[in-house]
Amino acid sequence: MSKDYKTIEHSSALQRSGGDPDMKAGPGLLIHRIVCYVVLTFFSLLCLFFFYILIINATRAHYDIMRGFSFFPGGSFGTNFMSAVSNDTIPILNGMLNSLIVAGLSGLLSVYFSAMTAYAIHVYDFKGKNFIFNFILIIMTIPTQISALGLFTMCSDWGLRDTYIPLIIPAIAAPTVFFFMIQYMKSSLPLDIIEAARIDGSGEFRTFNTIVLPILKPALAVQMIFSFVSAWNNFFVPSLIIDTSTKKTLPLMIAQLRSADFLKFDYGQVYMFIFLAIIPVMIVYFCLSKFIIAGVAVGGVKE
Amino acid sequence: MAQPAAVGMQAPAKKKGGIGKYKKWGYIFMIPFVVVFLIFQAWPLIQTFYYSFFEYYKTGLTWVGPNFCGIDNFAAIFDFSRVNLFALTYNTLVMWAIGFIPQIIISLLFAYWFTNVRLRLKCMGIFKTIIYMPNLIMASAFSMLIFSLFSDIGPINEIIKTFNNGEPFRFLSNTWSTMGLVGLMNFMMWFGNTTILLMAAMMGINESVIEAAEIDGAGSGQIFWKITLPLIRPILVYVLITSLIGGLQMFDVPQILTGGMGSPNNTTLTLIMYLNNNIGTSRNYGIAGAISIVVFIICAALSLVVYYGFAQDKTTREANKRAKAALKAERARRGQ
């Protein structure tokens, strides 16, 4: 923090000597900057506070947690971890694996097939193309919850209850991924390449898989992350579809935790459960935050 | 959302590499998307519509119906003597607003600071990374965390007890504090995302516009209110409406926080929580269908506002034009 502070002063001093329009702002600008940093730091700390407490509490024993806040980690991380993973009513490791399967497959399917659909609209001319394009844009904002009743009864009729099919397959039709892909293709997929591939005798399907997909890689990666995270965090649909405890995904286990009697909790274990549900996504986020934030911004400009 | 609309309208005319013999591939590549959409979204939606006109529920172990009952289900959800649509919508919208109002204010402020050329703030990358983080966190886990911290025996109450003669403040037995916690979580989860969207919009403003205003002697406050805000209005509308649509779908956070009860006394029960109860626990498909259809109609109407609102955004273009002309005149005057 202190280092930043000097640089700010330095740069504002430079501006003053440079005689640009900032000159009349003078000390006002410095105060403005300080206010900005204070407010930004406050909200950043607010965001970090709850997660810091979560991580700290995951390392503390139950009796220690009940005494109140602490800003220093305790020594019970191992104990909490072992008691969490050996809990039979909430098989958390099973849940993490289930979530990984569901989210991983949904992510892959949604980027692959939505890119394919975007490719169809972008490259080919056919009847009904504009209708389909506009139709997909319209369905983009329609929430999936409203068809949940139909999905639920349909899955009951077809014996798809308690399977992952209704959680994974619908990801193939992902309007937001489609839209992002088509925007990306407009800016970075030259049609000449496809023409050239045709002249070289490549089939259309092969062209898409071996030439087009590699070009789309950056966009695919960003959308893959978003699809993965939303499937990982999805609560509403799985809560209706999945019943067996070994098939439950993480959000359902969190719900199970909530419906237990909270006065009898081992809180070290509870925080460990929450920690395990959150941490994989957080690790991915902090490794790739630059790309993720750029992805949000690009989506925003285009949308 | 609507810019896409505009893009879509321009797209048709261009002839792309679609000579006759390749045409069929356009259809082939669309098959998976269209088929899955029809089976897993369109058909369930039709089913939902269908059930909304039927009496169809489970009592004990026996099923009643499906018997056609006209609009009885819709009449039932407008019945004020029980849990009704207005109360649910009110609960949902109040919790949405508690989160959204601070969210839009803080996001506007941050986006303005981040894009302000004169401020030249450092470490923006770190701030952006931190404030966007809660958006990716599992809402149900976040809600469970807040529940643990604010429960009657949680650490927050340990602090409150020391000031309150050993009495805890029961956050979850009180409508406003429960709503406040939901609003706080929604705020934290979404203000980073909104900041990034608004930043992108503000960076898209033509710099000459701001320059012209500065030459005319406008202060930074005036520039913000009279130039930046009107110019990003389309994105503001987009943020407002998508947030509203998202707010109407509010489920995870209040569901976990109140254990699915909407406690105290159904005052924090949202539309989708009620829908979930009717599908999953009480198995009243008629009511569930009627709720779904009403939410569908509201969301569709809101989406159309965005879709058409963007297409005809004259103000932006006019303001840009005017500013450019002013700058040109100014330059010419100086040049002489």
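Not measured: the values here are computed from a predicted model. Along each chain, the written sequence defines residue order, and numbers are assigned to residues from 1. Labels follow written order: the first chain is A, the first ligand is 1, and so on. This being a predicted model, a pLDDT of at least 70 is required before a residue's local features are given, and a value of 80 or more before pairs of side-chain atoms are given or counted; all residues contribute to the totals for chains, interfaces and linings. The side-chain quantities take in all heavy atoms of the structure and omit both hydrogens and water.

1. Concerning the overall build of chain B
Helix and strand assignments follow DSSP, with helices taken as H or I runs no shorter than four residues and strands as E runs no shorter than two, numbered in order from the N terminus. The number of helices and strands found in chain B is 15 helices and 2 strands. The buried share of chain B, taken over its 336 residues, is 55%. The long-range share in chain B, meaning contacts at least 24 apart out of those at least 6 apart in sequence, stands at 68%. Relative accessibility thresholds used throughout: buried, under 20% of the residue-type maximum; exposed, over 50%; partly exposed, between the two (1.4 Å probe, protein chains only). We call two residues in contact when some of their heavy atoms are within 4.5 Å.

2. Some details on the overall build of chain A
For chain A, the helix and strand inventory stands at 14 helices and 0 strands. Walking chain A from its N terminus toward its C terminus, one meets helices and strands in the order α-α-α-α-α-α-α-α-α-α-α-α-α-α. If you take every contact in chain A between residues at least 6 apart in sequence, the share linking residues at least 24 apart comes to 71%. Working note: accessible area of chain A is about 13100 Å², and carbon and sulfur atoms make up 70% of it. Accessible surface area values rest on a Shrake-Rupley calculation with a 1.4 Å probe, where residue burial reflects the displayed protein chains alone.

3. Looking at unusual backbone geometry
As a rule of thumb, non-glycine residues mostly have phi less than zero, and peptide bonds are mostly trans rather than cis. Residues and elements named next belong to chain B. The phi angle at cysteine 123 is positive, at roughly 60 degrees, despite the residue not being glycine. Within the element layout of this structure, cysteine 123 appears in the loop between α4 (85–115) and α5 (124–132). Given the relative accessible area of 29%, cysteine 123 is considered partly exposed. For asparagine 265, which is not glycine, the phi torsion reads 55 degrees and is therefore positive. Structurally, asparagine 265 can be placed in the loop between α12 (252–257) and α13 (271–281).

4. Considering the nonpolar core
What we call a nonpolar core is a set of buried Ala, Val, Leu, Ile, Met, Phe, Trp, Tyr and Cys residues that are connected through their side-chain atoms within 4.5 Å. Residues Tyr119 of chain A together with Phe142 of chain B are the most contacted members of the largest nonpolar core, which totals 202 residues. Top element by residues in this core is helix α14 (residues 267–302) of chain A. It accounts for 16 residues.

5. Some points on the packing of aromatic side chains
Classification of ring pairs rests on two measures: the distance between centres of Phe, Tyr or Trp rings, Trp counted by its six-membered ring, which must be within 6.5 Å, and the angle between planes, read as stacked under 30 degrees, edge-to-face over 60 and tilted in between. Per the stated rule, a full pass over the model turns up 53 aromatic pairs over all chains. Arranged with centres 5.7 Å apart and planes meeting at 40 degrees, the rings of phenylalanine 208 of chain A and phenylalanine 29 of chain B form a pair that is tilted. Of the two residues, phenylalanine 208 of chain A sits in helix α11 (residues 204–233) while phenylalanine 29 of chain B sits in helix α2 (residues 23–51), which places them in two different chains. Just as phenylalanine 208 of chain A is buried, phenylalanine 29 of chain B falls in that class too. Here phenylalanine 110 of chain B and phenylalanine 191 of chain B contribute two aromatic rings whose centre-to-centre distance is 6.2 Å and whose plane-to-plane angle is 65 degrees, an arrangement assigned as edge-to-face. A residue pair is termed long-range when its members are at least 10 positions apart, and phenylalanine 110 of chain B in helix α4 and phenylalanine 191 of chain B in helix α8 (residues 175–203) qualify at 81 residues. Both residues of the pair, phenylalanine 110 of chain B and phenylalanine 191 of chain B, belong to the buried class. Over the ring of phenylalanine 147 of chain B we find arginine 258 of chain A, and its NZ or CZ is 3.8 Å from the ring centre. Look at NZ for Lys and CZ for Arg. If either is within 6 Å of the ring centre and within 35 degrees of the ring normal, a charge sits over the ring.

6. Section: a nonpolar patch on the surface
Every patch collects residues that have over 30% relative accessible area and no salt bridge, joining them within 9 Å if they carry like charges and within 5 Å if they are nonpolar side chains (Val, Leu, Ile, Met, Phe, Trp, Tyr). Definition used for salt bridges: Asp or Glu carboxyl oxygen within 4 Å of a side-chain nitrogen of Lys or Arg. Taken together, the side chains of Trp158 of chain A together with Ile28, Ile31, Val35, Leu38, Ile39, Trp43 and Ile46 of chain B present a nonpolar region at the surface, about 730 Å² in accessible area. As for its position among the elements, isoleucine 46 of chain B is in helix α2.

7. Digging into the side chain of lysine 129 of chain A
Residues and elements named next belong to chain A. Looking at the element boundaries, lysine 129 is found in helix α6 (residues 129–140). In this structure lysine 129 comes out as buried when scored by relative accessible area, which is 7%. When sequence neighbours within four positions are dropped, the list of residues in contact with lysine 129 reads Ile121 and Tyr124.

8. Some remarks on the pattern of salt bridges
Residues and elements named next belong to chain A. The tally for this structure, following the rule as stated, stands at 8 salt bridges over all chains. Between aspartate 243 and arginine 161 there is a salt bridge, with its nearest N and O atoms 3.0 Å apart. You can see aspartate 243 sitting in the loop between α12 (236–241) and α13 (250–259) and its partner arginine 161 sitting in the loop between α7 (148–157) and α8 (165–168), a full 82 residues away along the chain. According to the relative accessible area criterion, aspartate 243 is partly exposed, its value standing at 43%. Given the relative accessible area of 22%, arginine 161 is considered partly exposed. As a salt-bridge pair, glutamate 204 and arginine 198 come within 2.8 Å of each other at their nearest N and O atoms. For the pair shown, glutamate 204 and arginine 198 are each scored as buried.

9. Considerations on the interface of chain A and chain B
The partner chain B presents 104 residues to the 121 residues of chain A that form the contact. Accessible surface is computed with a 1.4 Å probe, and the buried area is the amount of it that two parts give up when combined, taken over both parts together. Buried area between chain A and chain B, summed over both chains or domains, comes out near 10600 Å², and the portion from carbon and sulfur atoms is 76%. For the chain A face of the interface with chain B, the top three residues by lost area are Ile146, Leu149 and Arg258 of chain A, together amounting to 7%. In terms of residues, the side of chain A that touches chain B owes the most to one element, helix α2 (residues 27–58) of chain A, which gives 19 residues. Throughout, the ten residues Ala, Val, Leu, Ile, Met, Phe, Trp, Tyr, Cys and Pro are labelled nonpolar, Asp, Glu, Lys and Arg are labelled charged, and all others, Gly among them, are labelled polar. Its residues placed into classes, the side of chain A that touches chain B shows 84 nonpolar, 22 polar and 15 charged.

10. Things to note about the pairing of strand β1 (residues 54–59) of chain B
Residue and element names in this part refer to chain B. Two strands pair when backbone bridges link them, and β1 and strand β2 (residues 62–68) are joined in this way by 5 bridges, in the antiparallel orientation. Considered in β2, the bridge of phenylalanine 54 is made with phenylalanine 68. Each pair of strands is called paired provided DSSP finds at least two bridges between the two strands. Count of turn residues in the β1/β2 antiparallel hairpin: 2 residues, of which glycine 60 carries a positive phi of about 60 degrees.

11. Quick look at the side chain of asparagine 91 of chain B
Residues and elements named next belong to chain B. Following the sequence through the fold, asparagine 91 ends up in helix α4. Since its relative accessible area comes to 6%, asparagine 91 is described here as buried. Among the polar contacts made by the side chain of asparagine 91, one reaches the main-chain carbonyl oxygen of asparagine 266 at a distance of 3.1 Å. Aside from chain neighbours lying at most four places away, what touches asparagine 91 is Met179, Asn266, Thr267, Thr268 and Leu269. Between N or O atoms, a polar contact is any pair within 3.5 Å; within protein, one atom must be a potential hydrogen donor and the other a potential acceptor, and residues adjacent in sequence are included only when both atoms are from side chains.

12. Points about α2 of chain B
An ideal rise of 1.5 Å per residue puts 42 Å on 29 residues; α2 of chain B measures up with 40 Å between its terminal C-alpha atoms. Two axes enter the definition of the bend at a residue: one is fitted to the seven residues ending there, the other to the seven starting there, and the bend is the angle between them. Approximately 45 degrees is the largest bend angle found in α2 of chain B, and it occurs at isoleucine 31 of chain B, with the proline proline 32 of chain B only one to four residues beyond. By definition here, a helix of n residues has an expected span of 1.5 Å times n minus one.

13. Some remarks on the environment of tryptophan 176 of chain B
Residues and elements named next belong to chain B. Considering the arrangement of structural elements, one finds tryptophan 176 in helix α8. Owing to a relative accessible area of 54%, tryptophan 176 belongs among the exposed residues under this scheme. When near neighbours in sequence (up to four residues on either side) are disregarded, tryptophan 176 contacts Tyr90, Val94 and Ile98.

14. Digging into the confidence of the model for chain A
pLDDT is defined as a per-residue confidence score from the predictor, taking values between 0 and 100. Residues at a pLDDT of 70 or more form 89% of chain A, whose mean pLDDT is 83. Note on residues 1–24 of chain A: pLDDT under 50 across the span, and 23 contacts to partners over four residues away in sequence or across chains.

15. Quick notes on the packing of α4 of chain B against helix α11 (residues 233–248) of chain B
Residues and elements named next belong to chain B. Here an angle of 0 to 180 degrees is reported between the N-to-C directions of two axes, which are lines fitted to C-alpha atoms, with helices fitted over the stretch in contact. At a minimum axis separation of 10 Å, α4 and α11 run at an interaxial angle of 150 degrees. The pairing of α4 with α11 is recorded here as roughly antiparallel in orientation. The crossing of α4 and α11 is right-handed. Of α11, the residues touching α4 (which contributes Thr92, Leu93, Trp96, Phe100, Ile104 and Leu108) are Leu236, Val239, Leu240, Ser243, Leu244, Gly247 and Leu248. Of the residues that constitute the contact of α4 with α11, the class distribution is 10 nonpolar, 3 polar and no charged. Orientation categories follow fixed angle ranges, with anything under 35 degrees roughly parallel, anything over 145 roughly antiparallel, 65 to 115 roughly perpendicular, and all other angles oblique. Left-handed is the label given to a crossing in which the near helix is rotated counterclockwise from the far helix by less than a right angle, and right-handed is the label when the rotation is clockwise.

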